[in-house]
Structures are given as structure tokens and as C-alpha cells.
Amino acid sequence: MNYTYLFVLIWLAYLICSGVLLFSRGFLLARVSKTETSTCRRLSINPNDEYYLTPEVVNEIFKDVNASSSSNLCLPQKSKVIILVIDALKYEFGLYNENTTEPLPYENKLGILHQLLQQTPENARLMRFKADPPTTTLQRLKGLTTGSLPTFIDIGSNFASPEINEDNIIDQMVKSDLPLVFLGDSTWTDLYPRRFRRAYSYPSFDIFDLDTVDNQIMQHLPKELASDDWQVLIAHFLGVDHCGHKHGPIHDEMARKLNEMNDIISSVVTGMDNETTLLIMGDHGMTATGDHGGDTDDETNALLFAYSKQHKFFTSSDSGSDSEMLQQIDLVPTLATILGVPIPYSNLGLVNFNIVPAVAVPHLSKFQTLLLHVWQNAQQIYRYFFNYALENKRTFNVEQMDTLETEFILLTHRVKTIYNEAAYKSFVRDLNIHLRDILNVCREIWVKFEPTQMSQGLLFSFLPIFFSFLLVNNSNASDYTKIFKQKEVFYIYLMNIAAGVFGYRYFKNFSFKTEEHGVIFFTSLLSTVLLAFYTLRHWSSIATNWANVKRFSHMPTRLLLFATMAVFFSNSFVIQEAKILSYLLVAVILLLVYELLQLSARLDFKSKFKWSQFWRSTALRLILASVLAISCIRFAYTLFRCREEQGNCADFNSSSAGFSVKKPSMGKTYILAVVIIVLYTTLTRLYLRSCGNLTGNAPNVLLARYGPTVASICAGGHILLANSAIKNIQRTHIDAMALVIYGLLLLQIVVVSWAPLMTFVLPPRNPNSISVSGRDSIVPEIFRKMKRMYEGDDAERRHEIPVVYGLATVYSSIIISFGIFLAMLMIVLLEPRASIGLIICVVVGAIILSVHGILRYRTASSFESCVQPTFSAVVSWFLLAHFCFFATSHQTTLSQIDWRAAFVGRSSALGQSHLISGALVILNTFCGPIFFYCMYALLSTETFSLFALFPNLIRSSSSSRRNNKPDASTALNDIANEAVGFDMTRGELALYEYEDVFLGAGFKLATQFLMLQGIKIFCAMLACTIHCRHLMVWKIFAPRFIYEALATFVGLPALIVGYMLLLRINRAVDGLIKRINKDK
């Protein structure tokens, strides 16, 4: 039966995790970034260059345009380029309506565009610039420079950095020796550091600042226009976008900013030379409220204006390109065509010749020039698309891929037969249709949300939580043996395996795109039906237990829990979540203390208040404990990291100079961390020694006696040396300390699996032996011995009962010892200040356990109620686990993941395994949920160990239950029996005596944490669904969901590990008791 509960826990955890995974597949737009780059032979009109363009070269190219010598060509550069990016420049902002008498603030403000279109229509183009969602600046810049469809998660090799790691037009310009100059939004220099000859970049955080960045650009732009040492100049203005966020498009400030832009464009047109093409564009549009991020027409319709002083542009009749609309990803191949550089490898856009200067290429006719450009573009798209499809076979439909491949093969044959403009126009029309089909296939996979998977994920996450609440939370711990029978759970697993196989085999028949979707859908559906069946079958007992619950019980705690879940639905709350969580944690601790103080006040001050009584009372100790806990939580504020949205906070500086002997003031934080770590291990060892758990030579006793000391020395040494400014320390020596801690934790796991108990059975003295001194006769001693045996002396019988050290804390001691080594591992992975935060949370957890232990005994009426924690204690432990995330200097932003942890102790020993790297980063990031969920069983055991260590608490705590104060001569076990129905003096041995109830209570407690975590991730998913078109969805809500999903994926297994630890200890205790009984 013990392991039946374990399998039920695993089943419920799988259902919640699979629902979250299904939701993420539909919500998080993901693709794999490719690191390959394009190359080409750059044809030149300079006779001194390697690839000089001659009639012979042209004939060789057109002999077979599919040959390898002809497939990687770049025609000569056509002009220099100036790119003016006006953030959020909506298409309507550039239109000019002469008939409007009272224009809106954004209308008719860019008069220079209208003027150039009227004066030189063949040298100017105004087009709709269509963006792909998500319409956020970062993702749009990726699209504008890579030519691919950016998604929220671009899975690449340098996920820790915003720097783009796939082929892009900026890198191609740099490789082709085309100097770049940049001015404006620092997002460009974050994405492309060290690429620009000169960069004037300014942060874009303050959306209420309309002018600072634009003014800085205007200050430097004139001198850059006058320079002749660049080929590409990029300026990114932010004022229009910030004005939209602050005031909306219909505001006088918008008119002012657009007039400013009009003046800037006029000055650039005047200052540019005849060999330069000017491109003015918006990265996205804006809604009527000035927001963006979604996929509405207002958000995706930006503006593009192109102008060239001397050279006319190609026309639609010449090239077959769309003259009304330009897809944003089409900008990349178009820029590559103008500049004569390779088209980036990941590009999916088509060259739009309407904004390409019609500069003649020697020895090539117009249609030959266009044909070479479009065919180089087509081969590049084909190469990327089909290589991607081969490496990600399950992403694309096989039949669709076969059709596209056949069509392209036909086009490769057809391209060889084009000898005139008419044939070219027909060919390019069919080629563009084919290439757009490829784009549409990718867009369908990478850009669109999957509402079906999102809704199913929400449903299959909620239903297990709902039925677990009905079935588990509203049943008694002693009833679970009747509810979850071993054979039935075995059949549940068999049916789920069958459902999974069915889903894997027939997923296509149900229009599912992947086998994974089919498996999750059918296993979740079956499991939901089974849970509903179990609930209905036991409904009578559930209804009876539910009726006994007070309707408004635990209302303050419920409100605090509701506030915790409400955080996900507001971007402001998510930004300030660390402080909100600290307030809620303080509130629930005060609630626990208040409940206990009510009892203590009645107990300690029955007649009237006396200071002498107060100084000795439990009430004072409780007040001091709560003050200490609140002080610790308040101190954790200094350890919080800030988000970039919080411009007024001092961030946790992880790049400080480190500890130095010469400058001891720099090492105060590190020394404090070392001192706190040593105090933690020392006090924990003292506690275990006072419990008798460090007596004897059992494997786990020896490890607990010496291991923490070794671990604290290594952790302290690692903190000081890893952050030291001393340069001659070998990295292997620092790593060795981390490896010792890794080894100690592995040794602890092995020892717990093999011989977990920390007890010592004192060998009984042989009652039949007789001791005499040398001067006495042995005969009287033999007589006295026989007399005692005949009369049945109690002393003789006492010899038969063995003395066992550590039995009163037999469960909690092992959990605490395991926690020490787990904490040491996390400390060595964390930054020094963050490790202080972990110890602070451990201190708060110890206070919660102490306060709740006393409260639980004073309010319990039976063993079952004593072993089952109060709802306030469960919520406080749950909040503490998540508060620890922020107390250890983490934030829910992808840019603040501590990747340093991936390399701790791994410079030489553990190789380059990505699995180990990921595990270390996960342990670092989610140390709070992992640690406190593994330790969750202490909530059940600590009441028993506390009263066994301090037995006087039984006398004082029980007097409130009796009419008269218990007499001093009354045995403590009698008092405890009268109070809660069992002997509390035996400590945690009582847990073994009521084994079924204890393990059932442990299962119920684990399920409660599972439900709380499930509700939390469900709220995160629901918030993302509601806000999927919110301005901040990719900046705030999606990262918050990712963190909560990962916390769920690691937290629920941690709960299972905690319950497995409980089962292993119980089995070992069972073996010990049987061995003692056998030896008696």
C-alpha cells in the first residue's frame, strides 16, 4: 500500500505536467535557430578583383544556372543605403489626404513623403510594410535582419544572451567589408554588439520619455551624413512609439513628433548623395490606444518609403514584384540585392525590386539581372527550408513536403529555358507563388497560436486538480487504503499505457499534428474519466467529510492564497511579485502566530497579566520568533534582483570585483555568507546531536557527523576563491571543492537508499551476569540474583527493553540531514549573496515548523489531526518555497538566468554534457521549490519531535484542555493520552505505530502541495490566454509562465522525492522494530 500512494502521486503529477506541456506547445511560438551562414562569389566591375565580370563569365553562368559555380553569386553593389527606423510608424501616418480640412493629429504630418512621390514618382515608393506577429520591437528587428519569422523562443546556442546567433544581413555586411554606422535604440547594439564602425546607442526603457533618444540622434546625424567612411547608416527613432504608449495616436504630442520626423527626413534627403538609397520604415504599427504586440491590422501594418535621388527603381511590370505591399522579411533579400552581399541563410523573404535601384550591370540585360537575383534567392530559401525540415522531421507534414519538393525540381528545369522577358515574367510569377507557399507553411507552424492545444492544456491541467480536491482533500487519511487499491492503480497504469499507444499510433486520424499531442490527449482524457469515476464511487464519504468542514473556515488564508494567484493577471503585479510575495508570507506567518497566541494567552494568563509570567511564557517566545521571521524576510529585500522595468532599484551586482586580501571591505558579503553557512551546518549538527541521532557508527550517522563540516568548508572555500581577485589560483582547485559537495550529496543519496536510519541501539547488559569484587564471596550474590528473578523484579525486566538513541526523531533527522547536503549543493551553485537568501529561508522555515508544531498539538484531538498540518501551515510552506526564488536573487526574466551555475565544478571533470549544465542551472534557479518540496514531510513530523525533545510542552500545552492544571506527579504520557489520544512522549515512534494513517497523511499533504502548484500554473496559463494580445505578453506574461511551468516540472518531482524519502525511512524503521523484537 505504501508504494500505491507513490504511484498515484506520479500519476497526478504527470497529468498536470502534460497539460502544461500541451498548453506551451500551443502558446510559445518556437523554432530552432540555425547557425549556418551563406556565402557567395561577389562579381565585380573592377578588373583588379578576383571575380571580374566579363562576357565569358556571363555565358558560363547562363550555360547552367543550377551549377554550383552559378548558384552562389552576388552581383555588384548598386548603392549605399540609409535606413531610418521610426518605431511604431503606422502605415496611415504616411498617407496624405489633400481633401481633409481638419486632419487628425497623425494625419498629413509627413508631407515630405507626399512631396517626393509627386515630384519624382519613379524614384520614390510608398508601400504597406507588413509585419509578422509578435509585433514587439525585439522580434521585429530579428525579422528585419534575418529574413525569418522570429518567435518568442528562438532555441539557439547562446540563449543566455540577446545577441542574434543566426545568419543575418548585418553580419553579411560586416563580412563583405561594408562599414556600418548606427544611431538610436540600444536594442540594435544588444542584438549586434561590436558590428558597427561607430554606434551612438541609447536605452529605450523609459516609455514616458519622448525626446531624449531622438534628440541624441539628431545631434549626431548631420556629421554622419557628411562622412564618407560608411556604406550603411541606420538610425532608430523612438519618440513616436513612446508617444503612442503615453498618449495614443490621437494627441497633440503625436502631431509634434511626426512633424519632427518630417523635418529629419527632409534634412536627410537634402544631405544624402546621388549614390545612396533612403529607406524609411516602421517596425510595427499601433492600436487606437497606442499599444502593439498582437496581430491586428493596426499593429502589423507599418510604413515603408524608399527614395533614390539619381537612380530610378525597377517597376512591377519589369520584375513581377508586389508594388502595394512589402512583407517585412522581404527587406533582407532586397537589402542584400542592393548591397551585393549574400542573402542570410535563414531568410524566407523574396526580393522586392520596386525599391531596388535599376542600376545596369555590364554584360547583363535587365531580365538576366532580375533572373539571377530571383534564382539566387530561390535557391537560398530552398536550401534553408529543406535542411530545416530534414533536421526537424516531425515539424512539417510529409505529404506537403513532397509536393513542395516536386514543384521546386520542376522549376529548376524550367529556369534553364528562359531566354526573353516574357518567359521570365511567367517563370517569376510561378516561382513567387511557390516560395510564398513555403513561407505560408513556416508561418503556420511558427507564428500562429494553437488555440486547440491551449484550451486542451488548460482543461487537462484543471480537471486533475479539481478531482484531486474532491477525492483526496475531502477524505480522511485512514480512508485512502479503501480508495486507492493496489490492483486498481496497476490497472490504471495499464490503461494509460494503452491509451498512450493508441494516441501515438492514430494521432493523424484525430487531426493531431504530433504523436506527443495524441499521447497527452488520450491519456489525460482517460485519466479524467477515471478520476471522475473514483469521485462518484466515494461520493457519500466525500460529502460527509465536506459537510463537517466549516463554510468560512480558513478564510484569511484563502484570501492570501487568492492574492498569490491574482499576481499573474497584472503586468505591474508580476514586476513587483517579489515584494507582494514577501507581504503575503509575513501575513500568513502572523496568522499562524495569532492563532497560537490566542491559545497561549488563555493558558499563561488565566487570572491577570503579570510581567514575571510574561517573561517565562510561551507567548513571548512566539512573539520573538515571529519578529525574527519577519526580520529575515525584510532582510531578504536587499537580496532581490530588479527587472529592467524597475528603473529605480539597485540591481544585484554579479560583476563585482570579488574578494581580495588587500581590500577586505570588498569581501564583507562573501565572509558573511561563509559565516552564515558555517552557523547553519553547526546549529543543525548540534540539533541532531541533542536528539541522539549522531550516536553510534551507522553509515548515515557518520556522514551526518562529519559530512556537513566538510561541505561547509568546501562551500566557504569555493565562495571565497571563486570570487577572489587573486589571479594565481588554479581553476581545478576551486572546482575540486564543488566536486566534493557533489560527491557528498551522491553519497547521501546512496546511504539513504541503503541504510538511512540515524539511530543507535545500546547493547543491553546481560541480566544473568554477576559482578563481584575480589574481596566478596560469590555465594551471597548468586542468592540475591535468584531471589530477584523469583520475585520478578522490575529492574530485571527493564534489562530486556533496549535503549535506542535517536528514535524520537527517527524520521525528521534523516530528512534534515538530507536537506543539509541538498542545501550545500545549492549554495555552491548560487552567488554568495543568493546563498545567504537560501539560509534565511531555511531559518524562516524552521520558525514556521516550530510555531506550527505547538499550534497543531494544542488544536489536535486525535493522531490523524495531529499529523495533518493546518491549512495555514501548508500555505505558508508553499509561499516560502516560492519566496525563496526571489530571496536567492532570481527574477522571472529570461535575460537574468544565472548561467554561471552551469560551469561550477566542470572545468575539467564533468565534461561538456548539456544535460548536466541544464540540471545545475535548474537547481540554481529553482532551489526554493526543490528544497522545500523535498522537505515537506517535516510539517507532519516536527510536532512529534518537538514534544519529544521538550516534554514540558506537553504538560503546559495540555492544561488548557483540562478543568484543573495537571498535577506535577501526573505522568506525561497520561496527559498526552488524555489530550490527543496517544502517547506523545514517544516522539516520532508514534508515527510508525499509526503507520497507515501517517503515510496517508503524508500522501494527502503531498497532494495538497501538488494542487497548490497546479492552481498556480493554471492561473499563469489562464493569464497568458487572456493577455495573449497584450503589449507585454512576450516581455512579462510569457516569461512568467515559462518560469512557473519549469517550477512545476521540477517542483512536482521534488514532492515525489520527498514522499519516497518518507517511504524509505518508514521501511527502515519497520526493519529496526522487527529486529529489536526478534532479539528480545
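Residues numbered from 1 in each chain as written. Predicted model: local features only at pLDDT ≥ 70, side-chain atom pairs only at ≥ 80, totals over all residues. Heavy atoms only, no water.

Bringing the overall build of the chain into the picture now. Assigned secondary structure in the chain consists of 43 helices and 14 strands. Out of the 1080 residues in the chain, the part that is buried amounts to 57%. Within the chain, counting contacts between residues at least 6 apart in sequence, those at least 24 apart form 80% of the total. A total accessible area of about 45300 Å² is found for the chain, and carbon and sulfur atoms account for 59% of it. (Helix = DSSP H or I, 4+ residues; strand = E, 2+ residues; numbered from the N terminus. Buried < 20%, exposed > 50% of the residue type's maximum accessible area, 1.4 Å probe, protein only. Contact = heavy atoms within 4.5 Å. Areas by Shrake-Rupley, 256 points an atom, 1.4 Å probe, with all protein chains shown as cover.)

Glancing now at the nonpolar core. Ranked by size, the top nonpolar core spans 207 residues in total, and within it F27, F484, F883, F1009, F1041 and Y1059 carry the most contacts. No other element matches the 25 residues that helix α43 (residues 1033-1079) contributes to this core. Counting residues in each nonpolar core, the second largest holds 75 residues, with F182, L191, L279 and I343 among its members. (Core = buried A, V, L, I, M, F, W, Y, C linked by side-chain atoms within 4.5 Å.)

The predicted model of the chain averages 85 in pLDDT, with 85% of residues at 70 or higher. Taken together, the stretch residues 769-776 has pLDDT below 50 and engages in 7 contacts with residues farther than four places along the chain or on a different chain. (pLDDT = per-residue confidence, 0-100.)

Here the focus is the state of the cysteines. Taken as a whole, this structure holds 1 disulfide when the rule is applied. The side chain of C40 participates in a disulfide bridge whose partner is C74; the two sulfur atoms lie 1.9 Å from each other. One quick way to see it: the torsion about the S-S bond of C40 and C74 is about -115 degrees, and its sign makes the bridge left-handed. Remark: C74 occurs in strand β3 (residues 73-74) and C40 occurs in the loop between β1 (30-32) and β2 (41-42); sequence separation between them is 34 residues. When its relative accessible area of 5% is taken as the criterion, C74 is described as buried. (Disulfide = S-S within 2.5 Å.)

It is worth spelling out the pattern of salt bridges at this point. Overall, the coordinates contain 26 salt bridges when judged by the stated rule. The closest approach of N and O atoms between D171 and R195, which form a salt bridge, is 2.4 Å. Taken together, the residues span a long stretch of sequence, with D171 in helix α6 (residues 169-175) and R195 in the loop between α7 (187-191) and β8 (198-202) at a distance of 24 residues. One network of salt bridges, in which partners are shared, links D211, D214, E253, R256, K257 and E260. (Salt bridge = Lys/Arg side-chain N within 4 Å of Asp/Glu carboxyl O.)

All chains considered together, the criterion is met by 51 aromatic pairs. Taking the centre distance of 5.4 Å and the plane angle of 40 degrees together, the rings of F462 and F1018 count as tilted. Of this pair, F462 sits in helix α17 (residues 451-473) while F1018 sits in helix α42 (residues 995-1026), placing them 556 residues apart in sequence. With a relative accessible area of 19%, F1018 lands in the buried category. On the basis of an interplanar angle of 55 degrees and a centroid distance of 5.8 Å, the ring pair of F490 and Y491 is categorised as tilted. The side chain of K80 reaches across the aromatic face of W230, ending 4.4 Å from its centre. Here R505 stacks its cationic end above the ring of Y506, 5.1 Å away from the centre of that ring. (Phe/Tyr/Trp six-rings, centres within 6.5 Å; stacked < 30°, edge-to-face > 60°. Lys NZ or Arg CZ within 6 Å of the ring centre and 35° of its normal.)

Sheet architecture is open: 8 strands sit in the order β8-β7-β9-β4-β10-β11-β5-β12, paired in mixed fashion. At either end of the open sheet lies a strand with only one pairing partner, and these are β8 and β12 (325-327). Neighbour-to-neighbour, the strand axes of this sheet turn through a mean angle of 15 degrees, independent of strand direction. Pairing of strand β4 (residues 80-86) with strand β10 (residues 276-281), which is carried by 6 bridges, proceeds in the parallel orientation. The partner of V85 across the bridge, within β10, is M281. Helix α10 (residues 252-271) rests against β4, β9 (232-237), β10 and β11 (301-308) of the sheet, and its axis sits at about 175 degrees to β4. (Pairing = 2+ DSSP bridges. Axes fitted to C-alpha atoms, helices over the stretch in contact; angles between N-to-C directions.)

What follows concerns unusual backbone geometry. Positive phi values are uncommon outside glycine, yet N108 reaches one of about 55 degrees. Residue position: N108 is located in the loop between β4 and α4 (111-119). Using a relative accessible area of 19% as the deciding quantity, one classes N108 as buried. At S889, a residue that is not glycine, the phi angle is positive and equals roughly 60 degrees. Tracing the backbone through its elements, the reader meets S889 in the loop between α35 (871-887) and α36 (914-925). A relative accessible area of 5% places S889 in the buried class.

Moving on to a nonpolar patch on the surface. Together, F490, Y491, L494, M495, I497 and V501 line one region of the surface with nonpolar side chains, adding up to about 600 Å² of accessible area. Tracing the chain through its elements places V501 in helix α19 (residues 486-506). (Patch = residues over 30% accessible without salt bridge, like charges linked within 9 Å, V, L, I, M, F, W, Y side chains within 5 Å.)

What follows covers α35. Taking 1.5 Å of rise per residue, the 17 residues of α35 would be expected to cover 24 Å, and the 24 Å separating its terminal C-alpha atoms lies within 8% of that figure. Judged by how many residues are buried, α35 sits mostly within the fold: 16 of 17 residues are covered. (Expected span 1.5 Å × (residues − 1).)

What follows is about the side chain of T277. Secondary-structure assignment places T277 in strand β10. The buried category is assigned to T277, whose relative accessible area is 0%. Ignoring sequence-local partners within four residues, the contact set of T277 consists of S79, K80, V81, I82, M272, Y307, S308, F313, I355 and P357.

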